[in-house]
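What the coordinates show
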Amino acid sequence: MRYLFAPLRLLSGNRKLLFERCIGNTASFSLCTRYSERQLRSVMCLPDTHFCNKRETHATSVQEIVPPERENDSEELNGGDDSDFSSITKNDPVLEKKLKILFLEVEVLRQSGNRVPDVVKLDQWKELLEMESRSRRRKYLSYLFGVEKKRENKKHKKEERRKMREEIISDTTPEEGKNGHLIYGLALNTIFLRVYDTTINHFYNGRLMQAMMFSQKLVVDCSYDAHMTSREAQNCGKQIMMMFSDNRYHDYPFDVHLCNAKRDSNTLKQLKKFIPTVYDLEFPLNITERSYLDVFPKEKIVYLTPHCREELNEFDHDAVYIIGAMVDKVNNEPLSLAKAKREGLKMAKLPLDRYLTWGSGSSKSLTLNQMIRILLEIRQSGSWEKALQHVPKRKVASEEYTQRNTFKKTKQFNFQDRIRFH
């Protein structure tokens, strides 16, 4: 904790703070209550409250935070989360000590000018508490700061657009213009029928409901949540949302099934944030906690994994293809291959190396929305050249690079033949 000494001396001003005594004793955290009671309120996303000090330990008890009188303000500051930190510590004195030190560390970083968000939610405190290294916590706080500022900018731009729209409506009057004709516009009058967003949603959802009865089944395996970090699980939930959107816009969509999908997983929680009505009965998406082996016949299942050897040469319209819902930025183990072998399923991979020339340094991993675009195209057209056009251009080498490498290989091959001939 040496890195906390110097910033704390700067924060204390002319007062001498005995921080060694605070750290030396697990219960002596009177520094937090004396120095930064209001600052700790802002760190923990609480409105004006007071902390109860235990005389036996001379410490601030995380469990004894007096509930505020203004509950609505607390929910607004905390994003609707409950400010009960005992759910994080679970009455463990070691975790309480770590949480108190984490409060002070975040405040020191904020006072030092680092990228720290103004509001940290309860689940984010839990994530910070599980991180071991300080650099990892600083990166996560910087990420939360960027998300917070992006949300503020979005809100500010939305308010500006609203004011601009009101100004346009106020400047434009329904009176006759200079030429004696009425002024047409969406805000006033129009000769066209306006199509609302709800009408478009009903149209696309009706197409998906028809696909649920007659179209081919596609399974998304959501059993890899334990092998992903919280940020990877959030990214996976976003990819499922984009996959659902791309499938919905297609003329002949799949009947998508989310199997092994537990509602308390981070992936499904993030999906619920993007699509609040995902658990409604009329929502056209199949979500179940059961395994795909209990839903579909085993002989029709084909698990798509990039780690197997067999390539998917021809698309089978009667097969039930499975895509693993996993973002493997940290964990690169062949988990889908091991699971398919363990369950005795057929496996296949997309013929990417046969039709594409990868660029230098580009990864061959594809997102869930890219996978469903490829499968939708190969099912409709039957051409891998056309289907693999949905692979991002940044991953594929340019034509000049491919021609240059082909010329070098041909030249080297001809030179070796000349040597052999002589």
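Refer to the preceding data block for the structure.
Residues numbered from 1 in each chain as written. Predicted model: local features only at pLDDT ≥ 70, side-chain atom pairs only at ≥ 80, totals over all residues. Heavy atoms only, no water.

1. A closer look at the nonpolar core
Core analysis: the biggest nonpolar cluster contains 62 residues, and Ile240, Leu258 and Tyr292 have the highest contact counts within it. For this core, the element with the most residues is helix H15 (residues 368-381), which contributes seven residues. Ignoring anything within four residues of it in the chain, the contact list for isoleucine 240 reads Cys222, Leu258, Thr267, Leu271, Ala325 and Leu368. Within the second largest apolar cluster, 17 residues are counted, among which are Ile88, Leu99, Phe103 and Met131. (Core = buried A, V, L, I, M, F, W, Y, C linked by side-chain atoms within 4.5 Å. Buried < 20%, exposed > 50% of the residue type's maximum accessible area, 1.4 Å probe, protein only. Helix = DSSP H or I, 4+ residues; strand = E, 2+ residues; numbered from the N terminus. Contact = heavy atoms within 4.5 Å.)

2. With respect to the pattern of salt bridges
Think of it this way: side chains of opposite charge can pair up when their charged atoms draw near. What the rule picks out here adds up to 11 salt bridges. For the salt bridge of lysine 149 with glutamate 152, the shortest nitrogen-to-oxygen distance reads 3.5 Å. Here lysine 149 and its partner glutamate 152 are both found in helix H9 (residues 134-171), three residues apart, which amounts to about one turn of the helix. The partner of glutamate 377 in a salt bridge is lysine 386, and the shortest N-O contact between them spans 3.8 Å. Through salt bridges that share partners, Glu159, Arg162 and Glu166 make up one connected network. (Salt bridge = Lys/Arg side-chain N within 4 Å of Asp/Glu carboxyl O.)

3. Here's the deal with the packing of helix H11 (residues 230-249) against H15
A pair of packed helices is characterised by two quantities: the angle between their axes and the separation of those axes. Packing of H11 against H15 leaves a shortest axis separation of 7 Å and a crossing angle of 25°. Judged by the angle between their axes, H11 and H15 are roughly parallel. Once H11 is placed against H15, the crossing between them reads as right-handed. Here Cys236, Gln239, Ile240, Met242, Met243, Asp246 and Asn247 of H11 lie close against H15, whose contacting residues are Leu368, Asn369, Ile372, Arg373 and Leu376. Taken together, the residues that form the contact of H11 with H15 break down as seven nonpolar, three polar and two charged. (Axes fitted to C-alpha atoms, helices over the stretch in contact; angles between N-to-C directions. Parallel < 35°, antiparallel > 145°, perpendicular 65-115°, else oblique. Left-handed = near helix turned anticlockwise from the far one by under 90°. Nonpolar A, V, L, I, M, F, W, Y, C, P; charged D, E, K, R; others polar.)

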